[in-house]
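# Reading the structure
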Amino acid sequence: MTEIAVNTDIGEGFGVWQFTDDEALLGLVNAANVACGFHAGDPDILRRTCELAVRRGVAIGAQVSYRDLAGFGRRFLDVPRASLVNDLLYQMGALRAFAELAGGRVGYVKAHGALYNASARHREHAAAIVEAVASFDRSIPLLCQPGTETWRLAAEAGIRPLAEGFIDRGYTAEGLLVPRGQPGALVTDPGEAATRAVRMATEGKVTAVTGEDVELSPGTLCLHSDTAGAVEIAAAVTAALRAADVSLVPIR
């Protein structure tokens, strides 16, 4: 039987502001990429999200970002490598405190937004992510896309890269994500998202916006909590995966 984890970026509110129903999403997914405060999230949200995840048996991952609260982490920042390493460790450490208080642990790391996309080709920022993970806990996986700088440097450093597919994002023929704001960047129809998820999980492929098939072979599939209808998409995706005899498991 095929196994896969469905992960979601979560805890991405700030103060009274919240994108979606985090509790409902955590009832549908297997892994929570918890915003660590630099692009979204605050101490109350971090603690509450970790407690919810532990109660539901959902894996906790550190979703680390550029220091860009105003831009939701979706703007590239030309941060020196050493400073970026420290920024990432700071975020991981904050989440670790709340995860352990809740009776859980930080089980993986994933970059967010512009950092995730930039590090696919930006060697210094990819190296910063890998160095931070190695310093934090080299036994845990790093979620990234195959063939990227992040993937290559993680493998060279003995960090386990875990291939990630995106349920609600369009792909280029090179296997990277279509930039937000461009045609085909977002997939918001639950049925279309479910069909894509099943194909990614069972065939290891997704169709690019230009029509080519892209090879993925993902170990986990991501859904963004700020995508319109995220809860409905998650429900459709998990139901379709189970119907296709795909076992949903936490990231480990």
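The structure contained in this document is the topic of the report that follows. Bear in mind that the values here come from a model prediction, so they are computed numbers and not experimental data.

Conventions and cut-offs
Residues numbered from 1 in each chain as written. Predicted model: local features only at pLDDT ≥ 70, side-chain atom pairs only at ≥ 80, totals over all residues. Heavy atoms only, no water. Axes fitted to C-alpha atoms, helices over the stretch in contact; angles between N-to-C directions. Helix = DSSP H or I, 4+ residues; strand = E, 2+ residues; numbered from the N terminus. Parallel < 35°, antiparallel > 145°, perpendicular 65-115°, else oblique. Left-handed = near helix turned anticlockwise from the far one by under 90°. Contact = heavy atoms within 4.5 Å. Nonpolar A, V, L, I, M, F, W, Y, C, P; charged D, E, K, R; others polar. Buried < 20%, exposed > 50% of the residue type's maximum accessible area, 1.4 Å probe, protein only. Right-handed = clockwise from strand over helix to strand, strands pointing away. Pairing = 2+ DSSP bridges. Salt bridge = Lys/Arg side-chain N within 4 Å of Asp/Glu carboxyl O. Expected span 1.5 Å × (residues − 1). Arc of directions from axis to C-beta. Phe/Tyr/Trp six-rings, centres within 6.5 Å; stacked < 30°, edge-to-face > 60°. Core = buried A, V, L, I, M, F, W, Y, C linked by side-chain atoms within 4.5 Å.

### Comments concerning the packing of helix H5 (residues 123-137) against helix H6 (residues 149-157)
Interaxial distance between H5 and H6 falls to 9 Å at its minimum, and their mutual angle equals 45°. Taken together, the axes of H5 and H6 lie oblique to each other. As H5 runs across H6, the sense of the crossing is right-handed. Residues Arg123, Ala126, Ala127 and Val130 of H5 touch H6, and the partners they reach there are Glu149, Thr150, Leu153, Ala154, Glu156 and Ala157. Of the residues in the contact of H5 with H6, the class split is 6 nonpolar, 1 polar and 3 charged.

### Here's the deal with the pairing of strand S6 (residues 161-166)
Judged by how many residues are buried, S6 sits mostly within the fold: 6 of 6 residues are covered. In the classification by handedness, the crossover that spans strand S5 (residues 142-144), the intervening H6 and the parallel S6 is right-handed. With 3 bridges joining them, S6 and strand S9 (residues 220-224) adopt parallel strand pairing. By the bridge assignment for S9, Gly165 is matched with Leu221.

### Let's talk about the pattern of salt bridges
Any two side chains of opposite charge can pair if their charged atoms end up close together. Across all of its chains, the model carries 14 salt bridges by this definition. Across the pair Arg47 and Glu51 runs a salt bridge, and its minimum N-O distance is 3.5 Å. Taken together, the residues Arg47 and Glu51, both in helix H2 (residues 43-56) and 4 residues apart, mark about one turn of the helix. The residue Arg67 makes a salt bridge to Asp87 at a minimum N-O spacing of 2.8 Å. With Arg67 in the loop between strand S3 (59-64) and helix H3 (81-101) and Asp87 in helix H3, this pair connects stretches of sequence that are 20 residues apart.

### Remarks on helix H8 (residues 230-243)
Compared with an ideal rise of 1.5 Å per residue, which puts 14 residues at 20 Å, H8 spans 20 Å between its outermost C-alpha atoms and is within 8% of the ideal. Taken residue by residue, H8 has Ala230, Val231, Ile233, Ala234, Val237, Thr238 and Leu241 as its buried positions. The buried residues of H8 occupy an angular sector of 155° when the element is viewed end-on, so they sit on one face. Exposed side chains of H8 directed beyond 90 degrees from the buried face belong to Glu232 and Ala243. Structurally, H8 contributes buried residues whose contacts are with strand S1 (2-10), helix H1 (22-26), helix H7 (190-203), S9 and strand S10 (246-248). Note on H8: the residue one or two positions beyond its end, Asp245, has a positive phi of about 65°.

### Some remarks on the packing of aromatic side chains
All told, the structure shown has 3 aromatic pairs when counted by the stated rule. Relative to Tyr90, the ring of Phe38 has its centre 5.7 Å away and its plane inclined at 40°; by these criteria the two rings are tilted. Taken together, the residues Phe38 in the loop between strand S2 (31-35) and H2 and Tyr90 in helix H3 connect sequence positions 52 residues apart. Taking the centre distance of 5.8 Å and the plane angle of 90° together, the rings of Tyr66 and Phe76 count as edge-to-face.

### Some points on the packing of H7 against H8
Contact geometry of H7 with H8 gives a least axis separation of 8 Å together with a crossing angle of 40°. With respect to their mutual orientation, H7 and H8 come out oblique. For the crossing formed where H7 meets H8, the hand is right-handed. Where H7 abuts H8, its residues Pro190, Ala193, Ala194, Ala197, Val198 and Ala201 lie against Glu232, Ile233, Ala236, Val237, Ala240 and Leu241.

### Concerning the nonpolar core
The nonpolar side chains of a soluble globular protein tend to be buried, and buried together. Judged by nonpolar contacts, the single largest core of 72 residues is most densely connected at Met92, Leu95, Ile167 and Leu241. Top element by residues in this core is H5. It accounts for 8 residues. Beyond its immediate sequence surroundings of up to four residues, Leu241 is in contact with Ile4, Val6, Ala197, Val198, Ala201, Leu221, Val246 and Leu248. Judged by nonpolar contacts, the second largest core, of 7 residues, contains Ala5, Ala31, Tyr108 and Ile251.

### A few points about H6
Given 3.6 residues to a turn, an α-helix orients residues that are three or four positions apart in the same direction. Along H6, the residues that are buried comprise Glu149, Thr150, Leu153 and Ala154. All buried residues of H6 fall inside an arc of 125° around its axis, so they share one side. Next to the buried residues of H6 lie H5, S5 and S6. Once H6 finishes, Gly158 follows within two positions and takes phi at roughly 80°, a positive value.

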